[in-house]
Amino acid sequence: MTLRAIAAVALLLLAPIPAAAQSQQDELDARYDRALAAGYKALMLCSAIANAEANGTTRTAESVEEWELTGIQAPLDNIVGELPYVIERYREHATGAPVGAVAYVAVEWVDNMPARTAYYLDGRGCSLSPIGQSVDPGAVSRMADVENAEKSFEFTLTAVGAGEFTAPASPLDEPMGRAMGDEYGAGTRTTAVLIRRAGEEDGWKETASYKEGFDENTPQRTWSVAKSIAATLVGAAVQRGDLAFNPEHYGFPDAPPVPVANPVEGADYSLDLMLRMASGRYSDTPGNRTDALYFGGSTVRETALHWPLINEPGTVFRYANNDTLAAAMTISDILETHPPAEFFRQVGMTHTVAETDWVGDYILSSQVWSTAEDLANLGELYLNDGVWHGTRILPEGWREYVSTPAGPQPDGPFGYGAGFWLINKSEGVPPDTFAAFGNRGQYVVIVPSRDIVIVRRGEDPAGSRFDIAGFTRDVLAALEE
């Protein structure tokens, strides 16, 4: 092609898009946003209600609408509230009467497409069907266990309100009371605060507070705290002998290849770099929102593995859901044999569930539901360097691995290890402090030098941020008084 021809093609590419085409794209985008909003609503209603009931407590649809379905990101925030929904429970075969657990939640979004549907399977939580896929209500309802039809799900709530604590008055009352308000961030909404610390004779002391409508059995979505759980599951695989680990070089010499699409020859797509957010792969937005997976019903394989390499691996920090998802896919065969539920049972996280996409792959970048109490168990496991009640669950030194900034580091106030953030730059906070962070204000702070775990759960609106470093500093200072 001549230079003149190339120039002509370039001018055509730069020509303004016709108004009709722009209008059509706007309509498509608006329709897609409605589909995402409906998926968001279906999944949140299903997971919040069904997982709470599985834990022996209750959540109402009104509570979910007040907490999980408000303050979400634009443009979904302006759509979610107007979408009608149905919550269907499993039905008794003979009578058709609703009994037992939630079967599915369906949310209407347009007249000429199937409702967005999230369905519940006992022990697996809720999964979201793809856009356009209909679910046969009869088929779902027929999965009910008739022998357990007498299960009523009538439970007694024991939650306490803001400022009311489950332990006697202590120095922690002041910072915890402030956290239950919004003094650590304008507009923030705390649902639970729990502080567990070593006591005398190897015991543990715990102080907790819950917003009305939440209690010690109420699960919430962990969002990106799941990334720290994913890194922990890798450690559990190492300890079992399912995965080799070189602690000197932070390598996994016998790990399966990271299943990225179209790999670049010679590039280091290592499991370690995926955990450290240093793969060098492109992601389309800061934080890599993966809305298509989280709310659209796409699969992990469709969403997370095809992104091209644009930087030399190990040279650039880029926080991305796709890297954690790729790490989880690397050990997918191990997770099939030893599912996350097995690990949760081992460490007493019995009110935690890792959910999957509709084909069964775990969404370990975000879609785990857990309680404050269970997350404190995760933190305690790390305080004990991987030992739980005398049994080694994680290999010796795994705490050092996940909390060491061995790769490229993010800009800003926090560092990054392998699946965990590092609160290593904040005045008044010990430099060995590391933490799991999650969207909407989920935090599990681990302070080994002080034998303390701090858990904060919330449903913070988009744009509001809880000052976890400040809260950690104040809690530690209060315990020194």
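Our subject is the structure listed above.
Here we summarise the structure given alongside this text.

What counts, and at which threshold
Sequence order sets the numbering: in each chain, residues are counted from 1 along the sequence as written. Given that this is a predicted model, residues contribute local features only at a pLDDT of at least 70 and side-chain atom pairs are listed and counted only at 80 or more, while totals for whole chains, interfaces and linings are drawn from all residues. Side-chain calculation: all heavy atoms of the structure are included, whereas hydrogens and water are not. Two strands qualify as a pair provided that DSSP identifies no fewer than 2 bridges between them. The helix count covers DSSP runs of H or I at least four residues long, the strand count covers runs of E at least two residues long, and both are numbered beginning at the N terminus. Pairs of residues are marked as contacts when any of their non-hydrogen atoms sit within 4.5 Å. To obtain an axis, a line is fitted to C-alpha atoms, over the contacting stretch when the element is a helix, and the angle between two such axes runs from 0 to 180 degrees between their N-to-C directions. A pairing counts as a salt bridge when a side-chain nitrogen of Lys or Arg comes within 4 Å of a carboxyl oxygen of Asp or Glu. Partly exposed describes any residue whose relative accessible area lies between the buried limit of under 20% and the exposed limit of over 50%, with all areas from a 1.4 Å probe on protein chains only and scaled to the type maximum. Cavities and pockets are found on a 1 Å grid laid over the protein atoms alone: a cavity is a set of points where a 1.4 Å probe fits but cannot escape, a pocket is an open set with protein on both sides within 12 Å along at least five of seven lines, and a lining residue has an atom within 4 Å of such a point. Grid points are joined across faces, edges and corners, and a volume is the space filled by probe spheres set on the points. When residue character is reported, Ala, Val, Leu, Ile, Met, Phe, Trp, Tyr, Cys and Pro are called nonpolar, Asp, Glu, Lys and Arg charged, and the others, Gly included, polar. Only the six-membered ring of Trp is used, alongside the rings of Phe and Tyr, when aromatic pairs are assigned; centres must lie within 6.5 Å, and planes under 30 degrees apart are stacked while those over 60 apart are edge-to-face, with the rest tilted. Nonpolar cores are built from buried Ala, Val, Leu, Ile, Met, Phe, Trp, Tyr and Cys residues. Side-chain atoms within 4.5 Å join them into one set.

### So, the sheet that holds strand 8 (residues 353-354)
And step 1. In spatial order, the strands read 7-9-8; together these 3 strands make up an open sheet with antiparallel pairing. Strands at the two margins of the open sheet, each flanked by one partner only, are strand 7 (220-221) and strand 8.
And step 2. Relative to strand 9 (residues 368-370), helix 2 (residues 19-54) is tilted by about 40 degrees, and along the sheet it contacts strand 7, strand 8 and strand 9.

### Brief notes about the sheet that holds strand 13 (residues 421-422)
And step 1. Taken in spatial order, the 7 strands make up an open sheet running 6-5-16-15-14-13-12, and their pairing is antiparallel. Each end of this open sheet is capped by a strand with a single partner; those strands are strand 6 (204-210) and strand 12 (415-416).
And step 2. Here strand 14 (residues 434-438) pairs with strand 15 (residues 442-447) via 5 bridges, running antiparallel. Within the sheet, the bridge partner assigned to Ala-436 lies in strand 15 and is Val-444.
And step 3. Each of strand 5 (190-198) and strand 6 touches helix 5 (residues 173-180); the most contacted strand, strand 5, lies at about 155 degrees to it.
And step 4. Across the face of the sheet, helix 15 (residues 468-480) comes into contact with strand 5, strand 14, strand 15 and strand 16 (452-458) while running at roughly 135 degrees to strand 16.

### So, the pattern of salt bridges
And step 1. Scanning the entire structure with this criterion turns up 18 salt bridges.
And step 2. In this structure, Arg-450 and Glu-480 form a salt bridge, with 3.2 Å as the shortest nitrogen-oxygen distance. Of the two residues, Arg-450 sits in the loop between strand 15 and strand 16 while Glu-480 sits in helix 15, which places them 30 residues apart along the sequence.
And step 3. When its relative accessible area of 26% is taken as the criterion, Arg-450 is described as partly exposed.
And step 4. Residues joined by salt bridges that share partners form a network here, namely Glu-174, Arg-178, Glu-183, Arg-473 and Asp-474.

### Here's the deal with the layout of surface pockets
And step 1. Estimates place the volume of the largest pocket at around 1,200 Å³.
And step 2. Around the largest pocket, the lining is made up of 40 residues, and of these Tyr-319, Gly-438, Asn-439, Arg-440 and Arg-465 lie nearest the centre.
And step 3. Listing elements by their share of the lining of the largest pocket, those giving two or more residues are helix 8 (291-294), strand 14 and helix 15.
And step 4. Classifying every residue of the lining of the largest pocket gives 19 nonpolar, 12 polar and 9 charged.

### As for the packing of aromatic side chains
And step 1. A full pass over the atoms with the stated rule returns 29 aromatic pairs.
And step 2. Arranged with centres 6.4 Å apart and planes meeting at 35 degrees, the rings of Tyr-40 and Trp-223 form a pair that is tilted. Of this pair, Tyr-40 sits in helix 2 while Trp-223 sits in the loop between strand 7 and helix 6 (225-240), placing them 183 residues apart in sequence. Both residues of the pair, Tyr-40 and Trp-223, count as buried.
And step 3. Centre to centre, the rings of Tyr-382 and Phe-434 are 5.9 Å apart; their planes meet at 85 degrees, and the pair counts as edge-to-face.

### Some remarks on the nonpolar core
And step 1. Ranked by internal contacts, the top residues of the largest apolar core, which has 108 residues, are Leu-243, Phe-343, Leu-364, Tyr-382 and Trp-398.
And step 2. The leading source of residues in this core is helix 2, at 13 residues.
And step 3. If we ignore the near neighbours within four places in the chain, the residues touching Tyr-382 are Thr-232, Leu-394, Trp-398, Arg-399, Val-402, Phe-420, Phe-434 and Ile-446.
And step 4. By size, the runner-up hydrophobic cluster in this structure holds 29 residues, among which are Ala-179, Met-180, Tyr-443 and Ile-452.

From the geometry alone we can't say anything about function, so treat these as descriptive.
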